[in-house]
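Results of the structural survey
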Amino acid sequence: MSRIADRARTAQVLLVEDNRGDAVLTRRAFKRANLASDIVVAETGEKGLSILRREGEHAEAARPDLILLDLNLPHMHGQDFLQTVKEDPDFKRIPVIVLSSSSADMDITDSYDHHANGYITKPLDAETYDDIVTCIEQYWFTLMQLPPDQPPPAYS
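The structure contained in this document is the topic of the report that follows. Per-chain numbering applies: the sequence of each chain, read as written, is numbered from 1 onward. pLDDT decides what is reported in this predicted model: residues at 70 or higher carry local features, side-chain atom pairs at 80 or more are listed and counted, and totals for whole chains, interfaces and linings draw on all residues regardless. As a rule here, side-chain values cover all heavy atoms of the structure and leave hydrogens and water aside.

1. Re the overall build of the protein chain
Condition: Secondary structure is summarised from DSSP: a helix means a run of H or I of at least four residues, a strand means a run of E of at least two, and numbering begins at the N terminus for each. Only the C-alpha atoms count toward the radius of gyration. The rule for a globule is 2.2 Å times the residue count to the power 0.38. Only protein chains enter the calculation, and the probe is 1.4 Å; a residue is then buried if its accessible area is under 20% of its type maximum, exposed if over 50%, and partly exposed in between.
When helices and strands are tallied, the protein chain shows 5 helices and 5 strands. Taking 156 residues into account, the globule formula puts the C-alpha radius of gyration at 15 Å, and the protein chain, at 14 Å, falls close to it. Taking the principal axes of the C-alpha coordinates as reference, the protein chain spans close to 40 × 35 × 30 Å. Looking at the 156 residues of the protein chain, the share that counts as buried comes to 47%.

Pasting the structure below:
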């Protein structure tokens, strides 16, 4: 077991988010955080899966340590992305935190039913984004023990 902060590399975060403004706020909040991290943004669930599977132009993509997932995505809904990730033996141990504008009980319940590791309602201001990222960093990167870093699966 290991903590993300103890790994001998920069923390890798996959942000599956179609709203450019929210992606910018999240990136800025991570940039201001204490832990060095690389944020890769996928604007659709399909692109997020392609990055995870290291397909095509994403063949050299790093395996994420954490996935931040919006639910309201074009084409593939975030719940479908979440279900696909958590049913895949190569990816099911990657923590997925839903970061959605929805605070609907059904969205929260469905996310946990699909094995989300957490659910956060998106804040309305940049300062609160910073607070959320600080909490994510402290909890997921510094405190939580995760399975050992695993090499990405080989796809043909």
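2. What about the pairing of strand β3 (residues 66–69)?
Put simply, the test is: Here, strands pair whenever DSSP counts at least two bridges between them. Think of it like this: strands point away, you trace from the first strand over the helix to the second, and a clockwise trace means the crossover is right-handed.
Going residue by residue along β3, you find L66 and L68 tucked away on one face and I67 and L69 tucked away on the opposite face as well. Relative to β3, strand β1 (residues 11–16) runs parallel, the two being bridged by 4 bridges. Bridge pairing in β3 places V13 opposite L66. Relative to strand β4 (residues 96–100), β3 runs parallel, the two sharing 3 bridges. Each bridged residue has a counterpart across the sheet, and for L69 the counterpart in β4 is V98. Crossover β3 to β4 through helix α3 (residues 78–87) is right-handed.

3. A word on the packing of helix α2 (residues 45–53) against α3
Heads up, the rule is: To obtain each axis, a line is fitted to C-alpha atoms, and for helices this fit is confined to the stretch in contact; angles are then taken between N-to-C directions over 0 to 180 degrees. Put simply, angles under 35 degrees are roughly parallel, angles over 145 are roughly antiparallel, angles from 65 to 115 are roughly perpendicular, and the rest are oblique. Left-handed describes a crossing whose near helix is turned anticlockwise from the far helix through less than a right angle; right-handed describes the clockwise counterpart. Here, two residues are considered to be in contact whenever any of their heavy atoms come within 4.5 Å of each other. Under the scheme applied here, ten amino acids are nonpolar (Ala, Val, Leu, Ile, Met, Phe, Trp, Tyr, Cys and Pro), four are charged (Asp, Glu, Lys and Arg), and all others, including Gly, are polar.
Running from amino to carboxyl end, α2 crosses α3 at an angle of 20°, the nearest separation of the two axes being 9 Å. With respect to α3, the element α2 is oriented roughly parallel. When you trace α2 past α3, the crossing you get is right-handed. Residues G45, G48, L49, L52 and R53 of α2 lie in contact with α3, whose contacting residues are F81, T84 and V85. Among the residues making up the contact of α2 with α3, the classes are represented as 4 nonpolar, 3 polar and 1 charged.

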